[in-house]
2 protein chains.
Amino acid sequence: MQQRILVLGGDGFCGWPTTLHLSSRGHDVRIVDNLVRRRQDEELGVQSLTPIRTLSERVETWRQLGGQDIGVSTLDIARDYAELKALIGAWRPDAIVHFAEQRSAPYSMKSPWHKRYTVDNNLNATHNVLCAIVENGLEEHCHLVHLGTMGVYGYKTSRFKLPEGYQRVRLLSPEDGEESEDVEILYPPDPGSIYHMTKTQDQLFFYYYNKNDGLRITDLHQGIVWGTETAETLRDERLINRFDYDGDFGTVLNRFIMQAAIGHPLTVHGTGGQTRAFIHIRDTVQCIHLAIENPPVLGERVRVFNQTTETHRVRDLAQLIHGMTGAELQYLDNPRIEALENELRVENQGLQNLGLAPITLSAGLLEEVSDVAGKYRERCKLGKIPARSRWRARR
Amino acid sequence: MQQRILVLGGDGFCGWPTTLHLSSRGHDVRIVDNLVRRRQDEELGVQSLTPIRTLSERVETWRQLGGQDIGVSTLDIARDYAELKALIGAWRPDAIVHFAEQRSAPYSMKSPWHKRYTVDNNLNATHNVLCAIVENGLEEHCHLVHLGTMGVYGYKTSRFKLPEGYQRVRLLSPEDGEESEDVEILYPPDPGSIYHMTKTQDQLFFYYYNKNDGLRITDLHQGIVWGTETAETLRDERLINRFDYDGDFGTVLNRFIMQAAIGHPLTVHGTGGQTRAFIHIRDTVQCIHLAIENPPVLGERVRVFNQTTETHRVRDLAQLIHGMTGAELQYLDNPRIEALENELRVENQGLQNLGLAPITLSAGLLEEVSDVAGKYRERCKLGKIPARSRWRARR
């Protein structure tokens, strides 16, 4: 059944291919974006490795190819509440997909200004969306799908699989060691950066608005996204998705892919013993589509899925790319404050039970190196590769 | 040993008597306040039952009585980051007491504007303070004392005492029921209003800045404050503390006290079966003094105390006042979404171990009714007594 869907942050790395995928599946999609991600490129003096077009050229191309019209509202949801409220009230979306947050951990740590921007932007953005749904009386109508992060769980090694959001625990009495009934709680959060902190705070917004106002919310705890193109963005070069390789917005695997393509050593921070969860961008758009077509029922608590398909140790990924391409490894100081090495096992059956068929790393990696990073390698600025944000100024 | 102490929100109901108490104990105290609480009185068309003076008259009176000079910086810590940073850098406080948040649950629920104001103000205020301490390189020097609320725990009935911040739990594996090592976690939060939600989000700010930057932080989970005067505010009528009786900022026991003094029925919302934690304002100022004189050591996790001395069921308090004064009870609809009845047992030995000698309700109540509420009864506006904020617009 066709849904009216607002995609907040629909011009971004995940938002744009999601918009096209939902449109291609017959939904009526409208983008809300303040284009800040393009201004951040200017701030950092870097560009997407792939030559992305303006948002108006993107949606016009989609229309020319026979796709449905995609509306665009250029507004800042963290600032322009009146406009956001009016848009939601007039358009009455069945679903809102919320990507409109500052999404880089290193960017959030660059300076006090960047910390404060990330907090102010992400928290007001999320709260404004929730508040506008309630103010328009759409609590029971509009399903909110939020892009969270696996990082809310933290990266301590645990004997157990990380659950999908909720953890069964037994409270232990400090008085006499008596054991209580078991209860389910939101998994105890352990953010590793200012960016991750805002995502753990988002969980409390969702918990509260679900409890008090009955909002139906799906929170997707996404792994690190890799890859660039989806079936829809491949239809025309003018639809191409962005590819970030810089030290702030570039994600680890895409950075390795680009480094291999240009003959740069693969930059491993610390021991590379960090184990992380990954997902291909094509699976991201599939997952969001599945979440939208399977909303929580009225009265259901916030639904949480771990949106990730596999876990790898960072140095193993570097070795894998080395094996495929011959690129050397370069070990650098770790700017983050984090465990040197960690194990990570993740429960992720929820989305697969809804029909997700994952793309594995081994299947897609080489294609990505040659078709995307190789093709646009001339656009790379070498000076933008180093990661310069530090988690503490004085150490 | 004398400390330099910034009191953020030092013009408010808790902030003003705390400022005087710390000054009287020999500390060098400076107030930072944007005077918003006085503007909220104007917004709501109400005044403190007690005739409070301007902040400049307050500090001048204190000086005339032989007290130390108390500096004043009129700035909005949620907005004026550059000024806040400069003040902290120049003044290098040993401790910062942070009261500068919107502190009323009903006010936070009055309208979408009030929800958004509370979120934007409280979260940016707290984050700006943390960020400014780090930017000035005072992570290891400056102790942050924050006024939180017992409400972060929620008001579900538990078989156990609520601990002081941290709960020992046993994680249960969803795979095979295998039990893990026991771990200590922040008590799972369960906010009951937008206001309370921001306080649970504050906990994540503190957790992160303590972990990443090594800040020393004490978070005081305060019960509902009652009473008006402290030893210091009683020294001159021009030092009098505020007394709120209106439906937004008035706390339940002070409202009963005022209602008894003017012959108004005691307004009980719902069944009055809500059990809450209480503390007298004189104990509040004592507790903050104790927290400041006993800071966490470097490397210690966020220290949490439950700043409350006794628990009571709301209808039992109404009965107690009825017995003392003859005032009748009036049961009204409950505008809140909450459990009708709950039990509440609270661990609160931490501050008592540091030397807190609590004032009990039975000892102070009648004096409060006659000396404060009775004395200023003519200033009461009857129309401001009803609580009009509703937790959901449509029910």
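One structure accompanies this document, and this report is about it.

Conventions and cut-offs
Residues numbered from 1 in each chain as written. Chains lettered and ligands numbered in written order. Predicted model: local features only at pLDDT ≥ 70, side-chain atom pairs only at ≥ 80, totals over all residues. Heavy atoms only, no water. Helix = DSSP H or I, 4+ residues; strand = E, 2+ residues; numbered from the N terminus. Rg over C-alpha atoms; globule rule 2.2 N^0.38 Å. Buried < 20%, exposed > 50% of the residue type's maximum accessible area, 1.4 Å probe, protein only. Contact = heavy atoms within 4.5 Å. Areas by Shrake-Rupley, 256 points an atom, 1.4 Å probe, with all protein chains shown as cover. Expected span 1.5 Å × (residues − 1). Polar contact = N/O pair within 3.5 Å; in protein donor to acceptor, adjacent residues only side chain to side chain. Pairing = 2+ DSSP bridges. Right-handed = clockwise from strand over helix to strand, strands pointing away. Least-squares fit on C-alpha atoms with pLDDT ≥ 70 in both. Axes fitted to C-alpha atoms, helices over the stretch in contact; angles between N-to-C directions. Parallel < 35°, antiparallel > 145°, perpendicular 65-115°, else oblique. Left-handed = near helix turned anticlockwise from the far one by under 90°. Nonpolar A, V, L, I, M, F, W, Y, C, P; charged D, E, K, R; others polar. Core = buried A, V, L, I, M, F, W, Y, C linked by side-chain atoms within 4.5 Å. Buried area = accessible area lost by both parts, 1.4 Å probe. Salt bridge = Lys/Arg side-chain N within 4 Å of Asp/Glu carboxyl O. Phe/Tyr/Trp six-rings, centres within 6.5 Å; stacked < 30°, edge-to-face > 60°. Lys NZ or Arg CZ within 6 Å of the ring centre and 35° of its normal.

**Examining the overall build of chain A**
Regarding its fold elements, chain A presents twelve helices and 14 strands. A compact globule built from 395 residues would reach a C-alpha radius of gyration of about 21 Å, and chain A, at 21 Å, matches this within 12%. On the principal axes, the C-alpha backbone points of chain A span a range of 65 × 55 × 40 Å. For chain A, the proportion of its 395 residues judged to be buried stands at 62%. Here the contacts in chain A between residues at least 6 apart in sequence split such that 82% fall between residues at least 24 apart. In the form shown here, chain A has an accessible surface area of approximately 14100 Å², with 48% of it arising from carbon and sulfur atoms.

**Here we look at helix H6 (residues 112-135) of chain B**
Residues and elements named next belong to chain B. Here H6 is 24 residues long and its end C-alpha atoms lie 33 Å apart, about the 34 Å a rise of 1.5 Å per residue gives. By the criterion of burial, H6 is predominantly enclosed, with 20 of the 24 residues buried. Of the residues flanking the start of H6, the one acting as N-cap is Ser-111, its side-chain oxygen 3.2 Å from the backbone nitrogen of Trp-113. In the stretch just after H6, Gly-137 is the one whose phi turns positive, near 70°.

**A look at the pairing of strand S2 (residues 28-32) of chain B**
Residues and elements named next belong to chain B. With five bridges joining them, strand S1 (residues 4-8) and S2 adopt parallel strand pairing. Note that in S2 the partner of Ile-5 across the bridge is Val-29. Between the parallel elements S1 and S2, the chain passes through helix H1 (residues 15-24) in a crossover that is right-handed. Bridge count for S2 against strand S3 (residues 71-73) is three bridges, and the pairing is parallel. Across the sheet, Val-32 pairs through a bridge with Ser-73, a residue of S3.

**So, the relation of the copies chain B and chain A**
Rotating chain B by 180° and translating it 0.0 Å along the rotation axis places it on chain A, where the RMSD comes to 0.0 Å. When the rotation and shift are considered jointly, the pair of chain copies conforms to a two-fold rotation axis. Interface overlap between copies: 100% of the residues of chain B at the interface are likewise at the interface in chain A, consistent with a symmetric, same-surface contact.

**Digging into the sheet that holds strand S2 (residues 28-32) of chain A**
Residues and elements named next belong to chain A. A sheet is described by the order of its strands in space; here seven strands give the open sequence S3-S2-S1-S4-S5-S8-S12, paired in parallel fashion. Either end of the sheet is taken by a strand with one partner, and the two such strands are strand S3 (71-73) and strand S12 (303-307). For this sheet, the mean angle separating the axes of adjacent strands, direction not counted, is 20°. Sheet strands in contact with helix H6 (residues 112-135) are strand S1 (4-8), strand S4 (95-98), strand S5 (143-149) and strand S8 (216-222), and its direction is about 175° off that of S4. Against the sheet, helix H9 (residues 281-293) makes contact with S1, S4, S5, S8 and S12, and its axis sits at roughly 145° relative to S5, the strand it touches most.

**Observations regarding the packing of helix H8 (residues 252-262) of chain B against helix H12 (residues 361-374) of chain B**
Residues and elements named next belong to chain B. It is at 9 Å that the axes of H8 and H12 come closest, and there the two elements cross at 55°. The orientation of H8 relative to H12 falls into the category oblique. Handedness of the crossing formed by H8 with H12: right-handed. Each of Leu-253, Ile-257, Met-258 and Ala-261 in H8 lies in contact with H12, whose residues at this interface are Leu-361, Leu-365, Glu-368, Val-369, Ala-373 and Gly-374. Looking at the contact of H8 with H12 residue by residue, the class counts come to eight nonpolar, one polar and one charged.

**A closer look at the environment of Glu-178 of chain A**
Mapped onto the elements of the fold, Glu-178 of chain A is located in the loop between strand S6 (166-172) and strand S7 (179-186). Put simply, Glu-178 of chain A and Val-129 of chain A are 49 residues apart on the chain and 43 Å apart in space, counted from C-alpha to C-alpha.

**Concerning the nonpolar core**
The nonpolar side chains of soluble globular proteins are, as a tendency, buried together. Ile-77 and Ile-96 of chain A together with Ile-77 and Ile-96 of chain B are the most contacted members of the largest nonpolar core, which totals 96 residues. Looking at this core, the elements that each hand over two or more residues are S1, helix H4 (81-91), H6 and helix H7 (194-213) of chain A together with S1, helix H4 (81-91), H6 and helix H7 (194-213) of chain B. Ignoring sequence-local partners within four residues, the contact set of Ile-96 of chain A consists of Leu-6, Leu-8, Ile-88, Val-129, Ile-133, Cys-142, His-143, Leu-144 and Val-145 of chain A.

**Describing the interface of chain B and chain A**
Counting residues at the interface gives 58 residues for chain B, matched by 58 residues for chain A. Taking both partners together, chain B and chain A bury about 5600 Å²; carbon and sulfur atoms supply 55% of that area. Together, Arg-116, Phe-160 and Leu-172 of chain B form the three largest contributors to the area buried by chain B at its contact with chain A, with a combined 12%. Our count for the chain B to chain A interface comes out at two salt bridges. Among the ionic pairs, Lys-211 of chain B bridges to Asp-190 of chain A, the shortest N-O distance being 2.8 Å. Seen at the junction of chain B and chain A, the total is 22 residue pairs in polar contact (both at pLDDT 80 or more). Put simply, the parts of the chain that give the side of chain B that touches chain A at least two residues each are H6, strand S6 (166-172), strand S7 (179-186) and H7 of chain B. Residues of the side of chain B that touches chain A, tallied by class, amount to 24 nonpolar, 13 polar and 21 charged.

**Here's the deal with the packing of aromatic side chains**
Throughout the structure, instances matching the rule amount to nine aromatic pairs over all chains. Geometrically, the ring pair formed by Tyr-208 of chain A and Tyr-209 of chain A is edge-to-face, given 5.9 Å between the ring centres and 85° between the ring planes. Among the aromatic residues, those joined into a cluster by ring pairs are Tyr-107, Trp-113, Tyr-117 and Phe-249 of chain A. In this arrangement the basic side chain of Arg-276 of chain B is found over the ring face of Tyr-155 of chain B, its NZ or CZ atom lying 3.7 Å from the centre.

**Observations concerning the pattern of salt bridges**
All names here are of chain A. Under the counting rule described, the total for this entry stands at 52 salt bridges over all chains. Across the pair Arg-103 and Asp-244 runs a salt bridge, and its minimum N-O distance is 2.9 Å. Here Asp-244 lies in the loop between strand S9 (224-226) and helix H8 (252-262) and Arg-103 lies in the loop between S4 and helix H5 (105-108), a separation of 141 residues in the sequence. What makes Arg-103 partly exposed here is its relative accessible area of 28%. A salt bridge links Arg-276 to Glu-338, with the shortest nitrogen-to-oxygen separation between them at 2.8 Å. Placement of the pair is Arg-276 in strand S11 (residues 275-280) and Glu-338 in the loop between strand S14 (329-332) and helix H11 (349-353), with a sequence separation of 62 residues. Accessibility expressed as a relative area gives 10% for Arg-276, which makes it buried.

**A closer look at the pairing of strand S5 (residues 143-149) of chain B**
Residue and element names in this part refer to chain B. In terms of burial, S5 is a largely internal element, seven of the seven residues being buried. Alternating positions in S5 separate into two faces, His-143, Val-145, Leu-147 and Thr-149 on one and Leu-144, His-146 and Gly-148 on the other, with burial throughout. One ladder, built from four bridges, connects strand S4 (residues 95-98) with S5; its direction is parallel. Within the sheet, the bridge partner assigned to Val-97 lies in S5 and is Val-145. As paired elements, S5 and strand S8 (residues 216-222) share seven bridges and run parallel to each other. Residue pairing for S8: His-146 is matched across the bridge by Asp-219.

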